[in-house]
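# Observations on chain architecture
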Amino acid sequence: MKLNIARQPLIPALLTLAAITALTMWKAPAPTACTAENLSIPTFGELAIPSVEELLCRFQAANPVWAKWIAGFLTLFTGLILGRLTLRYNLYSAGTCLAIPLFGIFVAGLLTGSDGLSTLTATTLLALAVRNYSRSFCNGYGFDAIFRASFYLGLMTLAAPSSLPLVGMLLLAVVLFHRTLREAVVAIAGLLLPILTFCYVNWGAGGDFLTPFTLASDAFLHGSPLDAVRSIPLKHLVALVAILLLDLAALVYFLGDSYATGNKPRAIFIFQIGLLVLLVPTMLNPVSTTADLTFMAVPSAVIVPFLLVRIHRLPNLILYLLLLGGSVAILFLQ
């Protein structure tokens, strides 16, 4: 029986994801004490209640072992979300679970720093938003799906304030998936609900209602947008460039074969490309950190299999093994 990575079934995909996730959590650096320097937007003493980002930072610093277990579970859960998305909508016109192990491989190559819990929490919320936005492309109204997606996106901005540019996903989904004005209003309500709830709770605890907005605006308006890029370690920068080149190659194949895909898979794939573009300002804004590279794993795990299922079996196997071996090498260079 010849090995065909492009037609990878569920069990080998899950085992690969579990193995690479366990190795990633084992080699992840130990968390440091939670200070203002560890947060995208310093909130110590400024808010009446700790921010979501600060809560995750404190939990990881106080419970490093549990934080690694939770981060590992989030990685497995997110890989399954993306794998189910690709299978449900038949994005590649071929039955494959390749997105599942690729997500773990990309996370292993891109995860930096010691704040893995907050980063992977935000990554999981991004994957949930992507899945529900894709689910909103349906006949009739998709109020439930588009509200859930925007709600997850709002939660993501609380867990990782640097992800604010990803709010553009809402407009992208409304346009690409042909949603109505009423659905757009519901989506905006879902996006604002967690943010306004946090402001309300902060106000109820004795703080000012607008303080979170003031802190966020000050952080975004003051600071260098290139600090995060300059501090990316070389090994992770190499992984980022390799993944972007694979995304570009997959895009070329998609443009050549887009006529052969259905309307829904085509729109979902274009949505992933749009998300990839939105990640550029996410990684280049003044509050971004090197950990934000991990967000690239979500759209790339969906885009890259489009390339792998269309090339010959031997180059496919070699490329997959290079990706797997490169990620393992990066982990052992921590």
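See the structure shown above.
As a further point, take the overall build of the protein chain. Within the protein chain, the regular secondary structure consists of 14 helices and zero strands. Helices (α) and strands (β) of the protein chain occur, in sequence order from the N terminus, as α-α-α-α-α-α-α-α-α-α-α-α-α-α. For the protein chain, whose C-alpha radius of gyration is 20 Å, the value lies close to the compact-globule estimate of 20 Å for 334 residues. For the C-alpha atoms alone, the extent of the protein chain along its principal axes is close to 65 × 50 × 35 Å. Within the protein chain, the proportion of its 334 residues that are buried is 51%. Partitioning the contacts of the protein chain with sequence separation of at least 6, the portion at a separation of at least 24 is 79%.

Attention now goes to the environment of isoleucine 11. When you line up the elements, isoleucine 11 lands in helix α1 (residues 10-27). Each C-alpha atom of the pair isoleucine 11 and glycine 326 lies 22 Å from the other, and the pair is 315 residues apart in sequence.

The description of an aromatic ring pair rests on the distance of the ring centres and on the angle between the ring planes. In total, this model carries 12 aromatic pairs according to the counting rule given. Judged by centre distance (6.3 Å) and plane angle (80°), the rings of tryptophan 26 and phenylalanine 332 are edge-to-face. Here phenylalanine 332 lies in helix α14 (residues 313-332) and tryptophan 26 lies in helix α1, a separation of 306 residues in the sequence. With a centroid separation of 6.4 Å and 15° between ring planes, the pair formed by phenylalanine 147 and phenylalanine 151 is classed as stacked. With phenylalanine 147 and phenylalanine 151 both in helix α6 (residues 143-159), this residue pair falls four residues apart, about one helical turn. Residue phenylalanine 151 is classed as partly exposed on the basis of its relative accessible area of 27%. Ring-pair connections join several aromatic residues into one group, and the members of that group are Tyr133, Phe137, Phe177 and Phe271. The cationic tip of lysine 264 hangs over the ring face of phenylalanine 137; the distance from NZ or CZ to the ring centre is 5.9 Å. Here arginine 310 stacks its cationic end above the ring of phenylalanine 306, 3.7 Å away from the centre of that ring.

Thresholds, definitions, all that
- Residues numbered from 1 in each chain as written.
- Predicted model: local features only at pLDDT ≥ 70, side-chain atom pairs only at ≥ 80, totals over all residues.
- Heavy atoms only, no water.
- Helix = DSSP H or I, 4+ residues; strand = E, 2+ residues; numbered from the N terminus.
- Rg over C-alpha atoms; globule rule 2.2 N^0.38 Å.
- Buried < 20%, exposed > 50% of the residue type's maximum accessible area, 1.4 Å probe, protein only.
- Contact = heavy atoms within 4.5 Å.
- Phe/Tyr/Trp six-rings, centres within 6.5 Å; stacked < 30°, edge-to-face > 60°.
- Lys NZ or Arg CZ within 6 Å of the ring centre and 35° of its normal.

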